[in-house]
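Next come the chains, spelled out residue by residue.
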Amino acid sequence: MKLKRVMSLLVTAVMICSLAACGSGKEAAPAEKEEAAAPAPAETPAQEEESGGEEVKTLTMLTFTEWYTDGWAALDKYINENADELGFKLDIQKIAGGSQGEEVVKARFATGDLPDIMQSYGAKWIDTQVNALDKMVDMESLPSESEYDPATMEEGGYRYNGKLYGMPIGTTSLLGVFYNKDVFEEAGVTEVPKDWQGFLDTCEKIKAAGKVPLYYSGKDAWTLQCFNHFGFNKEVFDSGLSYTEFWDEMNTNKRHYADCTQFKEAIERSKEMLDKGYVQETYLSDTYDMAQTALAKGEAAMYINPSNVLDEIANKYPEAMENIGGFALPLYEDSQNYTCLSLPGALGVTTSCKDVEAAKKAIDFISSAKAQQIYADGVAGVYLNKNVTCTLTPALQDLVDLMQNGKSIALWQGAGNNYGYGDFGAMVQDYYVGSKTVDDLLKTMDDETAKNAIAAGDANWNK
Amino acid sequence: MKRKSIYSYWMLLPCLAIFGIFFMLPAVMGVGFSFLNIRNVDFSTATFAGIGNYKNVLTDSGMNIAIKNSFIFAFVTTVLKVTLGLLLAVLLNNKLKTTNFMRTVFFLPAVLSSVAVGLIFTAMMHPTNGIINVALRAAGLPMLAQNWLTDPKLAIFSVAFVEVWKWTGFTMVILLAGLQSIPEHYYEAARIDGATGWQKFRYVTFPLIMPAFTNALVVNLIGGLKAFDVVQTVTGGGPGTATEVFGTLVYKSFGSGRYGEGCAASIILCVVILIVVLPVYRFLTGKEVEM
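Please read all numbers here as calculations on a predicted model, not as lab measurements.

**Structural notes on the overall build of chain A**
Reasoning step 1: When its secondary structure is counted, chain A shows 19 helices and 14 strands.
Reasoning step 2: Within chain A, buried positions represent 48% of all 463 residues.
Reasoning step 3: Across chain A, the fraction of contacts at a sequence separation of at least 24, relative to all contacts at a separation of at least 6, is 78%.

Listed below in structure tokens is the structure:
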């Protein structure tokens, strides 16, 4: 009987531990821990609290967990500690990002279950992908806007169709190849490759030295598209059209992915890396997180990703940062290789906000140089606020140098399309494992685009 | 004489209202949506699509793979879960010291979250660091170490294994309930007639647990055909579309914001399940015997 009780207790303990283990993801950020210890935040939007005669509004905000960086945590902490002075505090809800997170955001727009403030990809995304621009407030103008370049505000879609739907939050992301300098040195590579042949030669030397030349984190399929962005940019360049004109043609059924020869070639070259054994064999099981470890510890020489990955590496392996450099993927001749630049997401006010003025005031503060500097002290990077300064890591500095020398372009494969083209990462996986040809892949992108356009009732696809 | 009902019919109304609002209405709306071009539940731009959504689903490039995988998954998991569940149920119907403990242990996976199970098995099946391949190599069997989740030919079977691990205990419980409802005197009679262990199982146990067996088989078959959670958490339908099943295809249609197509895919899935399960159910119920 006693044994039975002990066994029952043991089994119960195992069950509880298993379930508890599922619930706990990575360790909570410092600010989250403090939030947990603090009294529960107000549930109703824009709730007011009496504090020494001053009103403190609690504003709800939604963001993706991945976007709640150390910089955000520092700023969130500052705001909540100085709520009396600022007149507001934030109740930030964080949901997992990626395509599933985007679906949650779309569903919340569709059902009207919106926070006061939304951090998103910006007004264009909300307009074309969510069909919900009418649920965002035109903030007209904010004092802090003067600290930003007007052209960038237009280009980044913060000011969209002449209306101010959002203010930038976070860092500008630069897409590049990040490399471990020690591995390069061990393999006898003395300078970063400048063209495709040079890149292949570099990979060969690293392979001969017994290291993985290029790390693919195919388990997180989204990372597989990083290689191909560079080819897509070349496609736009070679078309002789501006970025907007190019996408206008794609968005009106006049140009198709299947016609994009440069893009196709880039995808083929990404597979060439696999065929030549320059990528680790287990690439389909390996994750974004594992890639950071491999690069930082010198198990792999190179990894292609947006510069946000440097923040992740800096958190886990700060000592490795001095040893990591960056360059633009040399798919073409030296003069034709660029780093791709992606502007930060936007903070906007939703129409569900009961106190729009308070939310505008909050966003104005968050966009100000003071708040952005607090954010930048937590995450070094390129900020759009002209008055923010910070020391960049060597790898990011390499890419910023390229940007300052005119070797960057604000193009992004999936940034101008009105209709989704499906799960590109999964399509690339299919191509890599031989289930699809590259032509099948491009046709699938066109088919998915057509399906989404038809579902949206777009006359260009219903002829 | 007029028979008087204890309760009035109007007392059914609350139940009917709940059933109508939460079951019938969504089902009818789903059928309606499946004939619309509609994006993200935006009715202002919705247009009539005819059978376009059904055509889209049936001509989807991933459809052939999804059909093949769904049937492989349903067949493999149903056979293994029912066979192993029956074996465990018969073994654990005996009075052993550890019977209750063992029953709990085998049932335990059924109460674990699918997400947790998916993450655990994804880690265990990693080709280099996963405990399965590490153990195989340590045991001197490196030739058996496989790319469990990334080999397109093997991945669907690996996912099926996870499903079997998770739900065999549940099947065991259904069959155990059937076994415990068999009166002891049937076995006494069989013993007196000199029946062997196998004969007792063949002519007494199995016919008498047919209702439970039918239940277990049909539940597992339906579960296999509409599999989603384990596939989504272990492989997400990948690599590429190698482990795509009906459930993940429906999810992707909804995930792309094409609600009409998602509804059409759900209805096709429902029809496929009915076509497969009804004949099986009828066949098995015809074999049941009265106790």
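**Some points on the interface of chain B and chain A**
Interface size, as often reported, equals the accessible area lost upon joining of the parts.
Reasoning step 1: Contacts between the two partners involve 38 residues from chain B, matched on the other side by 34 residues from chain A.
Reasoning step 2: Elements supplying a minimum of two residues to the side of chain B that touches chain A: α4 (99-111), α5 (114-124) and α13 (259-286) of chain B.
Reasoning step 3: With six residues, the top contributor of residues to the side of chain B that touches chain A is α4 of chain B.
Reasoning step 4: Looking at side-chain class alone, the side of chain B that touches chain A contains 14 nonpolar, 20 polar and four charged residues.

**Quick notes on the domain arrangement of chain A**
Residue and element names in this part refer to chain A.
Reasoning step 1: Domain parsing of chain A yields domain 1 (32-170 + 344-387) and domain 2 (173-342 + 397-461).
Reasoning step 2: For domain 1 and domain 2, the distance between their C-alpha centres works out to 30 Å.
Reasoning step 3: Of the residues lining the interface, nine residues belong to domain 1; the matching set on domain 2 comes to eight residues.
Reasoning step 4: Here the residues of the side of domain 1 that touches domain 2 sort into two nonpolar, five polar and two charged.

**Comments concerning the confidence of the model for chain B**
Reasoning step 1: Chain-level statistics for chain B give a pLDDT mean of 90 and a share of 97% at 70 or above.
Reasoning step 2: For this predicted complex, the interface confidence score (ipTM) comes to 0.75, while the overall pTM stands at 0.77.

**Section: the nonpolar core**
Reasoning step 1: In terms of nonpolar packing, the biggest core is built from 131 residues, with F178, Y215, L295 and M302 of chain A together with L175 of chain B touching the most fellow members.
Reasoning step 2: Considering each element in turn, this core owes the most residues, 12 residues, to helix α7 (residues 155-180) of chain B.
Reasoning step 3: Formed by 49 residues, the second largest nonpolar core is a distinct cluster that contains I79, F88, A123 and V388 of chain A.

**Quick look at the environment of S307 of chain A**
Residues and elements named next belong to chain A.
Reasoning step 1: Within the element layout of this structure, S307 appears in the loop between β10 (300-306) and α14 (308-316).
Reasoning step 2: Residues S307 and L341, 34 residues apart in the sequence, show an inter-C-alpha distance of 9.6 Å.
Reasoning step 3: Beyond its immediate chain neighbours, meaning those up to four positions away, S307 contacts S173, L174, G176, L396 and L399.

**Some remarks on the pairing of strand β12 (residues 339-342) of chain A**
Across a regular strand the side chains alternate sides, sitting on one face of the sheet and then on the other.
Residues and elements named next belong to chain A.
Reasoning step 1: Neither face of β12 is open: one carries T339 and L341, the other C340 and S342, and all of them are buried.
Reasoning step 2: Examined bridge by bridge, strand β8 (residues 173-180) and β12 share three bridges and lie antiparallel to one another. Pairing of L175 across the sheet is with C340, part of β12.
Reasoning step 3: Of the strand pairs in this sheet, β12 and strand β14 (residues 408-409) are connected by two bridges, and their pairing is parallel.

**Some remarks on the packing of helix α3 (residues 63-91) of chain B against α7 of chain B**
A pair of packed helices is characterised by two quantities: the angle between their axes and the separation of those axes.
All names here are of chain B.
Reasoning step 1: Where α3 contacts α7, the axes come no closer than 6 Å and their chain directions differ by 40°. In terms of axis orientation, α3 runs oblique to α7. When the axes of α3 and α7 are compared, the crossing they make is right-handed.
Reasoning step 2: Per-class residue counts for the contact of α3 with α7 are 18 nonpolar, five polar and two charged.

**Notes on helix α18 (residues 424-432) of chain A**
An α-helix turns once per 3.6 residues; consequently, residues spaced three or four apart project the same way.
All names here are of chain A.
Reasoning step 1: Within α18, nine of the nine residues are buried, which leaves the element mostly enclosed by the surrounding structure.
Reasoning step 2: What α18 keeps buried is the set F424, G425, A426, M427, V428, Q429, D430, Y431 and Y432.
Reasoning step 3: Considering only its buried residues, α18 is in contact with α12 (261-275) and α19 (438-455).
Reasoning step 4: One or two residues past the end of α18 sits G434, with phi positive at roughly 90°.

**So, unusual backbone geometry**
Reasoning step 1: P239 of chain B follows G238 of chain B through a cis peptide bond whose omega is 5°.
Reasoning step 2: By secondary structure assignment, the location of P239 of chain B is in the loop between α11 (229-234) and α12 (246-255).
Reasoning step 3: Of note in the backbone geometry, E140 of chain A takes a positive phi value of approximately 60° without being a glycine.
Reasoning step 4: Here the phi dihedral of N253 of chain A falls at roughly 70°; this positive angle occurs in a residue that is not glycine.
Reasoning step 5: Its location among the elements puts N253 of chain A in the loop between α11 (243-250) and α12.

What counts as what
Residues numbered from 1 in each chain as written. Chains lettered and ligands numbered in written order. Predicted model: local features only at pLDDT ≥ 70, side-chain atom pairs only at ≥ 80, totals over all residues. Helix = DSSP H or I, 4+ residues; strand = E, 2+ residues; numbered from the N terminus. Buried ≥ 20, exposed ≤ 12 C-beta atoms within 10 Å, placed from the backbone. Contact = placed C-beta atoms within 7 Å. Nonpolar A, V, L, I, M, F, W, Y, C, P; charged D, E, K, R; others polar. Domains from an automatic or database assignment. pLDDT = per-residue confidence, 0-100. Core = buried A, V, L, I, M, F, W, Y, C linked by C-beta atoms within 7 Å. Pairing = 2+ DSSP bridges. Axes fitted to C-alpha atoms, helices over the stretch in contact; angles between N-to-C directions. Parallel < 35°, antiparallel > 145°, perpendicular 65-115°, else oblique. Left-handed = near helix turned anticlockwise from the far one by under 90°.

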